[in-house]
Amino acid sequence: MGYQSAFQLGSLVLPNNLFAAPLAGFTDRPFRRLCRHFFKGLIFCEMVKIEALVRRIPATLRYLEAGLEEHPLGAQICGSKPEIARQAALIIEEMGFDLIDLNCGCPVDKVIKDGSGSGLLLKPDLIGEMLSALVSSVKIPVTLKVRLGWDDDKINVLEVLKIAEKAGAKAITVHGRTRRQGYRGKASLQMIKECKQTARTIKVIGNGDLFSLEAVLEMFQQTGCDGVMLSRGMVGNPWLFEQIAAFPLKTEKSPEALKKTIQKHFELIQKEAGKEEKTKLFDMRRMIGWYLKGCSNAKELKMEVMRAEKSEAVFGLIENYPWDKVFSNRRAGHEDRDQIAF
């Protein structure tokens, strides 16, 4: 199995088998709109709690605000009450989302304290109840994202996969770590492979440590998974989607392409309604480090952006920085990397 230019989940036909994960604090609307210039597959909004969604809390609804140009688009929910999940699913379908994903993998304490996220792994039967409630409520596909188990003594992802398959879930994204591991250690490709070998009808999506084209290729080759979900590896590196789709052709970002992409992302942040100037400036400061990660001769720019007190100053710094010095110890890559049409 490898990259596919068409991929089907139930009634949903996708442009490829690449998925952009829901990431709290990252996959907001500016980020999603930027990714659309590099990626045509399924992308998720930030995860929302079902209780807040059913109560229609304004801040929660804002996480799910999206335009038609952002589709195909998925909504990920977390919670542990099937009846509330049913109500949340109906709201998501009414909002026009293409897919609903149940989070059974988030390891954060504030999420698992009510049995949500990876807390559900301790009650696999409840996962089945949650999925059955979702599947029976909507026509759009239902999927789930899991970890291998709670800890090394409670590896139960294969059990969860069978339960999910029986409940009617169309895909299961497997992060190759336990809840206790968090993001430490290396994701287990062997366990993801076992999931693929166990699956009968459900699609298996590999996740974990996908920071490069080489890592994605290894995931496909070692596990036979049906698709991959990029998480932290796509932040500051939307070119990764292009690299996967273009393989075996070589594509790399040039300094000029990097500059244009940062500028475009920050312009989208500036245009985002409902955010104060200080919040937009914070978002820019937060993202600059991800874009410049691994770049040579870029530390000064990062520090100057961190010190900037106005958004206008950030744009000036980016425009006037000597980008020809960045990546000076790397190959610039293909000329067409400079020609990014936004």
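Calculation notes
- Per chain, the residues get numbers from 1 upward, laid out in the order the sequence is written.
- Where totals are concerned, whole chains, interfaces and linings use all residues; where local detail is concerned, this predicted model gives features only for residues with pLDDT of at least 70, and gives and counts side-chain atom pairs only at 80 or more.
- Values shown for side chains rest on all heavy atoms present in the structure; no hydrogens or waters enter the calculation.
- Segments assigned H or I by DSSP are reported as helices when at least four residues long, segments assigned E as strands when at least two residues long, and all are numbered from the N terminus.
- C-alpha atoms define the radius of gyration, and 2.2 Å times the number of residues to the power 0.38 defines the globule rule.
- Only protein chains enter the accessibility calculation, which uses a 1.4 Å probe. A residue is then buried if its area is under 20% of the maximum for its type, exposed if over 50%, and partly exposed in between.
- Only heavy atoms enter the contact rule, under which two residues are in contact if any of them lie within 4.5 Å.
- Computed with the Shrake-Rupley method and a 1.4 Å probe, the accessible areas treat only the protein chains shown as cover for residues.
- Salt bridges are defined by distance alone: a side-chain nitrogen of Lys or Arg within 4 Å of a carboxyl oxygen of Asp or Glu.
- Pairing of aromatic side chains requires ring centres within 6.5 Å, counting the rings of Phe and Tyr and the six-membered ring of Trp. Pairs whose planes differ by under 30 degrees are stacked, by over 60 edge-to-face, and all others tilted.
- Here, over-ring charges are defined by two tests on the NZ atom of lysine or the CZ atom of arginine: distance to the ring centre within 6 Å, and angle to the ring normal within 35 degrees.
- For helices, the axis comes from a line fit to the C-alpha atoms of the stretch in contact; other axes are also lines fit to C-alpha atoms, and the angle between any two N-to-C directions lies between 0 and 180 degrees.
- In what follows, roughly perpendicular refers to angles from 65 to 115 degrees, roughly parallel to angles under 35, roughly antiparallel to angles over 145, and oblique to any angle outside these ranges.
- The handedness criterion is simple: a crossing whose near helix is rotated anticlockwise from the far helix by less than a right angle is left-handed, and one whose near helix is rotated clockwise is right-handed.
- Gly falls in the polar group here, along with every residue not listed as nonpolar (Ala, Val, Leu, Ile, Met, Phe, Trp, Tyr, Cys, Pro) or charged (Asp, Glu, Lys, Arg).
- Two N or O atoms count as a polar contact when they lie within 3.5 Å, although within protein this holds only if one can serve as hydrogen donor and the other as acceptor, and sequence-adjacent residues are included solely when both atoms are side-chain atoms.
- Any two strands with at least two DSSP-identified bridges between them are counted as paired.
- With the strands aimed away from the viewer, a crossover counts as right-handed if its path from the first strand over the helix to the second runs clockwise.
- Every residue is assigned a pLDDT by the predictor, reflecting its confidence on a scale from 0 to 100.

A. Molecular detail of the overall build of the protein. Each helix and strand counted, the protein has 14 helices and eleven strands in total. Radius of gyration (C-alpha) of the protein: 20 Å, near the 20 Å computed for a compact globule of 342 residues. For the protein, the spread of C-alpha atoms along the principal axes amounts to about 55 × 45 × 35 Å. Out of the 342 residues belonging to the protein, those deemed buried represent 56%. Pairs at least 24 residues apart make up 69% of the contacts formed inside the protein by residues separated by at least 6 positions. As displayed, the protein has an accessible area near 15,400 Å², and 50% of this comes from carbon and sulfur atoms.

B. Spotlight on the pattern of salt bridges. Per the counting criterion, the structure on display carries 15 salt bridges. For Asp 28, the salt bridge identified is with Lys 275, shortest N-O distance 3.6 Å. Of this pair, Asp 28 sits in the loop between strand 3 (18-20) and helix 1 (29-35) while Lys 275 sits in the loop between helix 11 (255-271) and helix 12 (277-292), placing them 247 residues apart in sequence. The residue Arg 177 makes a salt bridge to Asp 209 at a minimum N-O spacing of 2.5 Å. Of this pair, Arg 177 sits in the loop between strand 9 (171-175) and helix 8 (189-198) while Asp 209 sits in the loop between strand 10 (203-207) and helix 9 (213-223); the two residues are 32 residues apart in sequence, bridging distant segments of the chain. The class for Arg 177 is buried, based on a relative accessible area of 1%.

C. Representation of helix 10 (residues 239-246) in the model. Every buried residue belonging to helix 10 is among Trp 239, Leu 240, Phe 241, Gln 243 and Ile 244, and all of these are buried. Of the surrounding elements, those touching the buried residues of helix 10 are strand 3, helix 9, strand 11 (227-230) and helix 11.

D. Spotlight on the packing of aromatic side chains. Scanning all chains against the criterion turns up five aromatic pairs. Aromatic pair Phe 26 and Trp 290: ring centres 5.5 Å apart, planes at 80°, arrangement edge-to-face. Here Trp 290 lies in helix 12 and Phe 26 lies in the loop between strand 3 and helix 1, a separation of 264 residues in the sequence. Overall, the relative accessible area of 17% leaves Phe 26 in the buried class. Look at Trp 290 and you get partly exposed, because its relative accessible area is 26%. Taking the ring centre of Tyr 183 as reference, the NZ or CZ of Arg 147 above it sits at 5.0 Å. Its end group placed over the ring of Phe 26, Arg 286 keeps NZ or CZ at 5.0 Å from the ring centre.

E. Up close: the packing of helix 13 (residues 299-307) against helix 14 (residues 311-320). For the pair helix 13 and helix 14, interaxial distance at closest approach is 9 Å and the crossing angle is 165°. Overall, the two elements helix 13 and helix 14 adopt an arrangement that is roughly antiparallel. Note on packing geometry: the crossing formed by helix 13 with helix 14 is right-handed. Together, Leu 301, Glu 304 and Val 305 of helix 13 and Val 314, Leu 317 and Ile 318 of helix 14 make up the contact between the two elements. Across the contact of helix 13 with helix 14, the residue classes break down as five nonpolar, no polar and one charged.

F. Representation of the side chain of Asp 226. Among the secondary structure elements, Asp 226 is positioned in the loop between helix 9 and strand 11. A relative accessible area of 5% means that Asp 226 is categorised as buried. Among the polar contacts listed, one links the side chain of Asp 226 to the side chain of Lys 196, at a separation of 2.9 Å. Those residues in contact with Asp 226 that lie beyond four places of it in its chain are Met 1, Gln 4, Phe 7, Asn 17, Lys 196, Ile 202, Lys 203, Val 204, Ile 205 and Phe 220.

G. How the structure looks around unusual backbone geometry. At the junction of His 71 and Pro 72, the peptide bond is cis and its omega measures out at 5° in the coordinates. Relative to the elements of secondary structure, Pro 72 occurs in the loop between helix 3 (58-63) and strand 6 (73-78). With an omega of 15°, the peptide bond between Phe 247 and Pro 248 qualifies as cis. Tracing the backbone shows Pro 248 in the loop between helix 10 and helix 11. Even without being a glycine, Arg 56 presents a positive backbone phi close to 55°. Positionally, Arg 56 belongs in the loop between helix 2 (50-54) and helix 3. Residue classification places Arg 56 among the partly exposed residues on the basis of a relative accessible area of 45%.

H. Broad picture of the pairing of strand 11. The alternating pattern of strand 11 places Gly 227 and Met 229 and Val 228 and Leu 230 on opposite faces, both of which are buried. In terms of strand pairing, strand 3 meets strand 11 through three bridges, oriented parallel. By the bridge assignment, Phe 19 is partnered in strand 11 with Met 229. Bridge count between strand 10 and strand 11: two bridges; the pairing is parallel. Residue pairing across strands places Ile 205 opposite Gly 227, the latter belonging to strand 11. You can see the chain leave strand 10, run along helix 9 and come back into strand 11, and the turn it takes is right-handed.

I. Just the confidence of the model for the protein, in detail. Taken residue by residue, the protein gives an average pLDDT of 92. The fraction at 70 or more is 95%. Confidence drops under a pLDDT of 50 for residues 328-342, and excluding neighbours within four residues, the segment shows 35 contacts in the predicted structure.

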